[in-house]
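Letter by letter, the chains look like this.
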Amino acid sequence: MHAPLLVDASGRFRQLVSKQTSVKRFEGWNTNAYWAYFTCHDHTKIPLRYYESCNTNHICLPEGWAWVIRLPSWEGSPLPNLMDMIHYLLDLNEKGTPPDEIPSSHALASMFHLNFRWVVSIGFALRTDVDFPKAADLSRYGSREAEQKFNWIVSRYPHVQRLMSHHTIIPDLYGPGTTWFIRKHLTYQSTQVTGSGWMAIGDAVGFTNPLFSPGINANMATSLYAAELTSSLLSNNGGSVGKVQQVVVDGASHENVLEPYQAFCDRQVVALNRMNVFNYVCMRDPKLGPLGPLWQYLAGTGSPNWQRMRDLFTLDDVADMIKQWVWGAHEPLFVEFADKVIAMLEGPPTPLGDTKTGVELVSSILALSRDTIRDILAGGVYRNRWEGLLRWYDNKLEYVETKNYK
């Protein structure tokens, strides 16, 4: 098979990129994930405030965070039957069928003789510097590493234990040996994402952590950017990427049109990693935990480009907007504050409220955040209807103990 340009979209497997270049790990701790699938006895009795069965629910801990996601599963259904159902749904869409007239999942399963049930994915993404018990002590929590570390972290938090009491694990949901899952060293960056006749997109470029779904929310910018470059490369080079050393994209001449893409990807993964580390270190205390999303919404949805996106961008140049956005992780105000807090909270993932020094540190960071945000909002550049986005905060982004709504 021959092609003028090959794009590696194989995700973290990096099937092409891994043969061309090495992977980079950032300094300091990384994160490992441990998870399994469960049935829920009654999701209306889940002991989590504001639990939403249709969304990803987060439980933040000093060691990391947990996800609780209710998912539809068609596992074990015959593939031809599944395809028949998909075509049926596509036909309904083409006819303009109102959503409330489309059969439910259970009705579809009956119509097409499919297996259907709701399952719950529950997992932990924990820092690699967590002080786990020694192997001999961990053995009482299970027979394999993922099971042991999952059950150990559950045992440390009574509230999480109550959550798990409403769930029963599903053995081998996806076949033999698929009861427990583990993925180590989640964060990585490909040192090279372009080359002669090839480029990488998505998780093949790099990945940080699934905390705020950055692959969907931010890293999709690589796909949009690559699509624009591909069109320009092929049109300017007569269908052969390797023949021409200088091409023109959007009126700008570059010695190599892929060089700015490499620089963009390098910058993007670094910014997303900073965002992730900032959120993780804030989880060391319940009072600091909300600062992660608070500052992301401030930088990500309060910036002028976001607020005026309908005026500044169209579908023809949406890639320009999303390349700049990155959940606000590029915004200078976010970078400056996040770097300060990361430095202040350097150390192992122990609870800060356990010591007088830790309590004082929490108070100083909260004061720094409050004063910095007050100055930022006073400038009038970053604006939004904050009280409609965030619980516990008003339009001045000041904490209100009685505001448990958004």
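Positions within a chain are numbered from 1, following the residues in the order the chain's sequence is written. Residue-level local features of this predicted model are given only where pLDDT is at least 70; pairs of side-chain atoms are given and counted only at 80 or more, and the full residue set underlies all totals for whole chains, interfaces and linings. In computing side-chain properties, one takes all heavy atoms of the structure into account and sets aside hydrogens as well as water.

This next bit is on the overall build of the protein chain. We count a stretch as a helix when DSSP gives it H or I for four or more residues in a row; a strand needs E for two or more, and each element gets its number in order from the N terminus. Along the protein chain, the regular secondary structure elements total 16 helices and 14 strands. With the C-alpha coordinates of the protein chain rotated into their principal frame, the extents come out at 65 × 60 × 50 Å. A simple rule labels every residue: compare its accessible area, found with a 1.4 Å probe on the protein chains alone, to the largest value its type can have, and call it buried under 20%, exposed over 50%, or partly exposed in between. Here the protein chain, with 406 residues, has 44% of them falling under the buried criterion. We call two residues in contact whenever any of their non-hydrogen atoms come within 4.5 Å of each other. A sequence separation of at least 24 residues applies to 71% of the contacts in the protein chain between residues at least 6 apart. Charge assignment: positive for Lys and Arg, negative for Asp and Glu; neither His nor the chain ends contribute. Charge placement uses NZ in Lys and CZ in Arg. For Asp and Glu, CG and CD serve respectively. Within the protein chain, the 40 negative side-chain charges are centred at a point lying 5 Å from the centre of the 37 positive side-chain charges.

Looking now at the sheet that holds strand S9 (residues 188-190). Across the sheet, three strands lie side by side as S2-S9-S12; this open sheet has antiparallel pairing. Each of the sheet's edge strands pairs with one partner strand only, and the pair in question is strand S2 (23-24) and strand S12 (206-207). Summarising the sheet, S2 and S9 pair through two bridges and their orientation is antiparallel. Its bridge partner being in S9, Val 23 is matched across the sheet by Ser 190. Fitted lines through C-alpha atoms give the axes, limited to the stretch in contact for helices. The angle between two N-to-C directions lies from 0 to 180 degrees. Those strands touched by helix H9 (residues 259-282) are S9 and S12, and its axis lies near 180° from that of S9. Here the rule is simple: two strands pair whenever DSSP picks up at least two bridges between them.

On to the pattern of salt bridges, then. Throughout this description, the term salt bridge denotes a Lys or Arg side-chain nitrogen within 4 Å of a carboxyl oxygen of Asp or Glu. Throughout the structure, instances matching the rule amount to eight salt bridges. For Arg 127, the salt bridge is made with Asp 129, and the minimal N-O distance between the two is 2.8 Å. The closest approach of N and O atoms between Lys 149 and Glu 145, which form a salt bridge, is 2.9 Å. In this pair, Lys 149 and Glu 145 are both assigned in helix H5 (residues 145-155), four residues apart and thus about one turn of the helix distant. A relative accessible area of 14% means that Lys 149 is categorised as buried. Using a relative accessible area of 29% as the deciding quantity, one classes Glu 145 as partly exposed. Overlapping salt bridges, with partners in common, bring together Glu 145, Lys 149 and Lys 184 in one network.

For the rest of this paragraph, the subject is helix H2 (residues 79-94). Its 16 residues place the ends of H2 23 Å apart at the C-alpha level, agreeing with the 22 Å of an ideal helix rising 1.5 Å per residue. Among the residues making up H2, those that are buried are Asn 81, Leu 82, Met 85 and Leu 92. The buried residues of H2 occupy an angular sector of 100° when the element is viewed end-on, so they sit on one face. What points out from H2, more than 90 degrees from its buried face, is the exposed set Leu 79, Pro 80, Leu 90 and Glu 94. Buried-residue contacts for H2 involve helix H3 (105-111). Downstream of H2 by a residue or two, Gly 96 has a phi angle that is positive, lying close to 75°. To estimate how far a helix should extend, the number of its residues minus one is multiplied by 1.5 Å. An arc is given here, and it is the one of the directions from the helix axis to the C-beta atoms.

Where nonpolar side chains cluster on the molecular surface, the patch consists of Leu 79, Met 83, Ile 86 and Leu 90 and spans about 370 Å² of accessible area. Within the element layout of this structure, Leu 90 appears in helix H2. Patch membership needs two things, relative accessible area over 30% and no salt bridge, and members are linked within 9 Å if like-charged or within 5 Å if nonpolar (Val, Leu, Ile, Met, Phe, Trp, Tyr). Per-residue and other accessible areas were derived by the Shrake-Rupley procedure at a 1.4 Å probe size, with only the shown protein chains allowed to occlude residues.

Looking now at the packing of aromatic side chains. A pair of aromatic rings is counted whenever rings of Phe, Tyr or Trp (Trp by its six-membered ring) have centres within 6.5 Å, and the orientation is called stacked for planes under 30 degrees apart, edge-to-face for over 60 and tilted otherwise. For the structure on display, the rule yields 24 aromatic pairs. Geometrically, the ring pair formed by Tyr 88 and Phe 112 is tilted, given 5.5 Å between the ring centres and 55° between the ring planes. Note that Tyr 88 is positioned in helix H2 and Phe 112 in the loop between H3 and strand S6 (117-127), a separation of 24 residues in sequence. On the basis of relative accessible area, Tyr 88 is assigned to the partly exposed category, the value being 25%. Residue classification places Phe 112 among the buried residues on the basis of a relative accessible area of 14%. Ring centres of Phe 150 and Trp 180 lie 5.1 Å apart, and the angle between their planes is 65°; this geometry places the pair in the edge-to-face category. Taken as a pair, Phe 150 in helix H5 and Trp 180 in strand S8 (residues 180-183) lie far apart in primary sequence, 30 residues in all.

One open sheet accounts for three strands, arranged S1-S11-S10; its pairing is mixed. The open sheet has two edge strands with one neighbour each: strand S1 (6-8) and strand S10 (194-195). For S10 and strand S11 (residues 198-200), the ladder comprises two bridges, and the chain directions are antiparallel. Each bridged residue has a counterpart across the sheet, and for Gly 195 the counterpart in S11 is Trp 198.

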